[in-house]
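The primary structure of each chain is shown beneath.
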Amino acid sequence: MKSAADSLAATDARRRLRTLKDLVIRHGVTVGGIGVIVAIVLIFFYLLLVVLPLFEPAEMHLATDYALPTDDARTVHLSTEEQAEIAARYLANGELVFFRTADGEPVARENLLPGGARVSAAGISDLAGDGVVLGLNDGRILPTRVEYAISYPDNQRHLEPGIVYPLGSDPIVVDAQGRAIIAVSGRINDNAARFVSVLEDGDVVLTEVALETHFLSGETTIAEATNQSLDVRVGRNELPAFVLMDPLQEWIYLVAESGDAAVLRREAGEFVINERLRLVENGRRVTALRFLTGGISLLVGTDRGRILQWFPVRDDNNDYRLQQIRSFEGPDSPVTDIASEHRRKGFLVGHANGVLGVHYTTSERTLIERKIADAPLARIAISPRANSFLVATADNRMQLWSIDNDHPEISWSALWGKVWYESYPEPEYIWQSSSASSDFEPKFSLAPLSFGTLKAAFYAMLVAMPLAIMGAIFTAYFMTPSLRTMVKPTVEIMEALPTVILGFLAGLWLAPLMEQSLAAIFLLLLLLPIGILATGFAWSRLPSSVRHIVPAGWEPVLLVLPILLVGWLCFAMNGWVENTFFNGNLPQWISNELGIGYDQRNALVVGVAMGFAVIPNIFSIAEDAVFGVPRHLSDGSLALGATPWQTLVRVVLPTASPGIFSGVMIGFGRAVGETMIVLMATGNTPIMDMNIFEGMRTLSANIAVEMGESELGSSHYRVLFLAALVLFLFTFLFNTAAEVIRQRLRRKYSAI
């Protein structure tokens, strides 16, 4: 037999082992908890680190400044190649000078106009600025385009600039009388070219050139060139000072210095006046006119330094009318030149007092406004990559600037407010991050994504909360323990079902089923509660000898058969109900008669599918909370004469309310962050509409869809991280608020 000393030693050893285990577990839990907090904080700061560059201010730095040759004529047009290493200057005397931007050293020089003609006007024939149509003082035009041949001898990048004549090197006669052209614009497409010229006496001439391409050599030649005088005057017979033709050759804009404008559209092969209007307020003058990238918006510069953006908007008669969308304030000095970015909706503005402004239309931001010269800024050329620009001043100097402006399209108003985008009838919340067109205007509104996230969570909770909470209350309070041991694990194991399977079933099976049997779904919502109540009432009216056959607490099993019968009846009645009341098609009737849009993959589908995924979370926590209410509380209430329902409502539920609320908020957090179900079952349409029959796009689904296609470091890439940060903050704020409320409920009912 063991001695008392041995027993005492064994007991002491067990106590020390238990103490050691408690210590290890306590410190392990502490380290694990701290690790979770540290991981969350690191995730937050990583997201913040990726997002912060979106809001960094634009910067520009002078790279070089030098004088141009004093014997050179006036610069009428300026452009640069991709890397801004070589630029092209069109001079008023008809010369084209290619020069190195770093020091102004000429690389090549070519006389475009032998015979003594001079350039009296210049207009771009493509939005990149490489195509230039020259208007001459003898009534002729000469379309040109600069090109740069790239080679890599000895692994060194070498540029060979050159000039191309798309329609031949001989100028095209516009006016046989030889009147000077004071404004010109045009476009060259594959099969045709059109140019519009304003002559010195105000006459407007449309030149149409039919082209033919040799099927072997690919050489394009002029088949026919015709001139047509357009009988149009601007305002009160004023002389048009500016003219623009859109890239599709469908619209012509004629603008006088007073701001009066005539807009012509092509209809049945002829240009007719679409409208007359005034672009600036009375007393102001137009000093510059330029297309924004895409050729839809007009940028109008005034003598007071303002820049106005106009673009066509459909009116009530479905006709296009120019409308001023936004304006940008500049210094009180005339605008001398406007240069549009090649691939974005930004532009640079030069002023007569030497101030340069950098603006962006979508975000309505003035990014930079800085005085860079003492003389007027005569010509501005921005590089295709928008990371540098050239400025030719009126005192014959040239400046090369670098600019750091990676995310000009981002502002708080663009992210969260309504923005009036080109070709839209009014300001809207839009998410559309990409397009097949390089002239596309990115739309990065997070409002529809946040709205879609909350909408999906709302409908999911609308389905899940009643079922989960009522089921938890019945299971914990009324159900027999033997039945509870089967029901509770069965519901909880549903949580292990992958959400991608639920999304797959919702998108490919549930959504078509609901569309085909929508009447049956509504009948279920109406008849199922009635059937359950009727079954309960009928059961209560049966003799006690019959009711006692079923053990106490097993009554819910009796509801299975009525539920199946009601479900079968609803689906059997679906066709008759639709044919009798809804012209044979309830979704179509909803769209046509009620004016409510119906998408197959909609919020109703998401509510059912995501509610099915959320129910186990809420049920498990709520059931544990109700079941965990001390038994002596309910027994005491019953002993004092309260009924079971009174005890449930006034004692059990208040005591369990913190736990029930925690379950609801955890389920809500699960619904907010759910990805695969909403990705596969919503249609992913970023719209703001609470209509239960319309789809949505959530923050999490948007990240999953677009992150793989975004360019590293681009605005799109960083905005997706911003969406993740917003989602992070959503869950953090909701969970924090839930914890505060839970603690208050706990303190309030702890005294029961």
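It should be noted that the structure appears before, not after, this text.
Note that this is a predicted model, so its numbers are computed, not measured.

Overview of the nonpolar core
Thinking step 1. Core analysis: the biggest nonpolar cluster contains 85 residues, and Leu446, Met610, Ile618 and Val626 have the highest contact counts within it.
Thinking step 2. Looking at which element gives the most residues to this core, the answer is helix H10 (residues 603-627), with 14 residues.
Thinking step 3. Excluding anything up to four places from it in sequence, Leu446 contacts Leu415, Trp416, Trp431, Val719, Leu722, Ala723 and Val726.
Thinking step 4. Residues Ile86, Leu96, Leu112 and Tyr148 belong to the second largest nonpolar core, which totals 22 residues.

Considering the packing of aromatic side chains
Thinking step 1. Tallying each qualifying case throughout the model produces 24 aromatic pairs.
Thinking step 2. Between Phe668 and Phe734, the ring centres sit 4.9 Å apart and the planes meet at 80 degrees, which makes this aromatic pair edge-to-face. Highlighted residues: Phe668 in helix H12 (residues 644-673) and Phe734 in helix H15 (residues 715-749), separated in sequence by 66 residues.
Thinking step 3. Judged by its relative accessible area of 16%, Phe668 is buried.
Thinking step 4. Here the aromatic cluster, defined as three or more aromatic residues joined through ring pairs, consists of Phe474, Tyr477, Phe478 and Trp645.
Thinking step 5. Above the plane of the ring of Phe99 lies Arg89, whose end atom (NZ or CZ) is 5.9 Å from the centre.
Thinking step 6. Sitting above the plane of the Tyr421 ring, Lys443 keeps its charged end 5.2 Å from the centroid.

With respect to the pairing of strand E20 (residues 298-302)
Thinking step 1. Within E20, five of the five residues are buried, which leaves the element mostly enclosed by the surrounding structure.
Thinking step 2. Neither face of E20 is exposed, since Leu298, Val300 and Thr302 on one face and Leu299 and Gly301 on the opposite face are all buried.
Thinking step 3. The turn joining strand E19 (residues 286-291) and E20, which pair antiparallel and follow one another in sequence, is formed by six residues; a positive phi near 110 degrees is taken by Gly294.

Quick notes on the environment of His407
Thinking step 1. Structurally, His407 is set in the loop between strand E29 (397-404) and helix H2 (412-416).
Thinking step 2. For His407, a relative accessible area of 8% corresponds to the buried category.
Thinking step 3. When the C-alpha atoms of His407 and Phe55 are compared, they prove to be 7.7 Å apart, with 352 residues separating the residues in sequence.
Thinking step 4. If we ignore the near neighbours within four places in the chain, the residues touching His407 are Pro53, Leu54, Arg365, Gly713, Ser714, Ser715 and Arg718.
Thinking step 5. Side chain to side chain, His407 and Arg718 meet in a polar contact 3.4 Å long.

Conventions adopted
- Residues numbered from 1 in each chain as written.
- Predicted model: local features only at pLDDT ≥ 70, side-chain atom pairs only at ≥ 80, totals over all residues.
- Heavy atoms only, no water.
- Core = buried A, V, L, I, M, F, W, Y, C linked by side-chain atoms within 4.5 Å.
- Buried < 20%, exposed > 50% of the residue type's maximum accessible area, 1.4 Å probe, protein only.
- Helix = DSSP H or I, 4+ residues; strand = E, 2+ residues; numbered from the N terminus.
- Contact = heavy atoms within 4.5 Å.
- Phe/Tyr/Trp six-rings, centres within 6.5 Å; stacked < 30°, edge-to-face > 60°.
- Lys NZ or Arg CZ within 6 Å of the ring centre and 35° of its normal.
- Pairing = 2+ DSSP bridges.
- Polar contact = N/O pair within 3.5 Å; in protein donor to acceptor, adjacent residues only side chain to side chain.

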